Amino acid sequence: MEQHLKQLQLLEQEVARLRRENARLQEKLTAALDGTGLCLWEQHVPSGKLTIFNMEWGQMLGFQPQELAATVETWKSKIHPDDYKEVVGALEDHLAGKTPCYQVVHRMVHKTGSHSWVTDRGRVVEFDRDGKPLRMMGTHIDITQEKRYEQQLALLASSDPLTGALNRHKFEFEFERVNQRPTPQNAALVFIDIDNFKLINDQFGHHCGDKVLIKLADWLSELAPSAAHIGRMGGDEFVVLVPATNKRQLNDFTSALLARTEPLIQLDGAAIQLGLSIGVCQFVSPYPHFNALYQLADNAMYQVKKQGKNGVAFVQAQPRRR
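Keep in mind that this is a model prediction, so the values were computed, not measured.

Draft legend 1. Looking closely at the sheet that holds strand β4 (residues 115-127). In spatial order, the strands read β2-β1-β5-β4-β3; together these five strands make up an open sheet with antiparallel pairing. Two strands lie at the open edges of the sheet, namely β2 (49-52) and β3 (102-109), each paired on one side alone. Along the sheet, successive strands turn relative to each other by an average axial angle of 30°, direction set aside. Relative to β4, β3 runs antiparallel, the two being bridged by eight bridges. If you follow Met-108 over to β4, its bridge partner there is Ser-116. Along the sheet, helix α3 (residues 84-95) makes contact with β1 (38-44), β3, β4 and β5 (133-142), crossing β3 at roughly 150°.

Draft legend 2. Expanded view of the pattern of salt bridges. As enumerated under the stated definition, the model contains 13 salt bridges in all. A salt bridge links Lys-76 to Glu-73, with the shortest nitrogen-to-oxygen separation between them at 3.6 Å. With Lys-76 and Glu-73 both in helix α2 (residues 72-77) and three residues apart, the pair spans about one turn of that helix. On the accessibility criterion, Glu-73 (54% relative accessible area) is exposed. One connected set of salt bridges, linked through shared partners, spans Glu-42, Glu-126 and Arg-135.

Draft legend 3. View of the packing of aromatic side chains. Evaluated as defined, the whole model comprises six aromatic pairs. Judged by centre distance (5.9 Å) and plane angle (65°), the ring pair of Phe-283 and Tyr-287 falls under edge-to-face. In this structure Tyr-287 comes out as buried when scored by relative accessible area, which is 3%. Site record: aromatic cluster; members linked through ring pairs are Phe-171, Phe-175, Phe-191, Phe-283, Tyr-287, Phe-290 and Tyr-294. Stacked on the ring of Tyr-294, the Lys or Arg Arg-168 has its end atom at 4.8 Å from the ring centre. The cationic tip of Lys-247 hangs over the ring face of Phe-314; the distance from NZ or CZ to the ring centre is 4.6 Å.

Draft legend 4. Quick peek at the nonpolar core. In terms of nonpolar packing, the biggest core is built from 32 residues, with Val-190, Ile-192, Ile-194, Leu-216, Leu-220, Val-240 and Leu-257 touching the most fellow members. Within the residue set of this core, elements represented by two or more residues are β6 (185-194), α6 (197-204), α7 (206-223), β8 (237-242), α8 (247-259), β9 (265-267), β10 (270-272) and β11 (276-285). With seven residues, the single largest contributor to this core is α7.

Draft legend 5. Just the pairing of β2, in detail. Residues Leu-50 and Ile-52 point to one face of β2 and are all buried, whereas Lys-49 and Thr-51, pointing to the other face, are not buried. In this structure, β1 lies alongside β2, joined through four bridges in antiparallel fashion. Paired with Gln-43 across the two strands is Leu-50, which belongs to β2. Between β1 and β2, which pair antiparallel one after the other, the connecting turn spans four residues, and Gly-48 there sits at a positive phi close to 80°.

Conventions and cut-offs
Residues numbered from 1 in each chain as written. Predicted model: local features only at pLDDT ≥ 70, side-chain atom pairs only at ≥ 80, totals over all residues. Heavy atoms only, no water. Pairing = 2+ DSSP bridges. Helix = DSSP H or I, 4+ residues; strand = E, 2+ residues; numbered from the N terminus. Axes fitted to C-alpha atoms, helices over the stretch in contact; angles between N-to-C directions. Contact = heavy atoms within 4.5 Å. Salt bridge = Lys/Arg side-chain N within 4 Å of Asp/Glu carboxyl O. Buried < 20%, exposed > 50% of the residue type's maximum accessible area, 1.4 Å probe, protein only. Phe/Tyr/Trp six-rings, centres within 6.5 Å; stacked < 30°, edge-to-face > 60°. Lys NZ or Arg CZ within 6 Å of the ring centre and 35° of its normal. Core = buried A, V, L, I, M, F, W, Y, C linked by side-chain atoms within 4.5 Å.

Encoded structure:
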């Protein structure tokens, strides 16, 4: 009897030791996972129940414990609508045995209404007797900060840092993208130049001149047709690519733009009379040569300069082959 009690005591001590060791391992795992922004999840496939091992369910999206049911359906409801088809399709393909693993980068909707970028990876780790998926494990990593850096770098590489308009390289890229559409459509390249911009800089200073450029870019963003692309070619020269347009729409756009210059503009305590010379080159896309259109719009703009400035001139590009 005494021998049995000793054995029982030893077993209890061993169980206690193993529990302490398991707790320490769990703490180490949690610390390691939390330090990388990664959560480890498990899905019971038949029931759809989800378990996250190192944080409360929903915490990553700003929810309190027990606020959300830990199920696949709840998770699906928080996928960004634009990413839903791709994400759920990738999961279903893996469960159907079509792919060796489930892996996708997508957005999740936060409790505040904002969205987080995550990278999801997982695979089936256990099957039932009939060979159907029983248990799946994976990782869920918040990469929102990395995505923001990536987007900021992309913006810096494609836009004018002062006005936010597209830089020349990106603008020409967008022109080529529009030109790849196989169906012919009427389009236009609009060239805008600020009248007497050097005089503005000389009289009021370059800081004021910069504010004029920013204001013009804002006007273009507000007034240009929704599908238009706005670029700054350098200095005080802006261009707008307007796909799928007509003469009436272009007249409305340029008239509204010129109307903005009628009252004096108040900047840094100075009253500035702003004028714009606008050249509009209409063409049928796909059109093979951006530089040819650019030159035609530029020439039309200079016709306005010669005729007294602050106006608009139209020109029609003749069809050309590549």
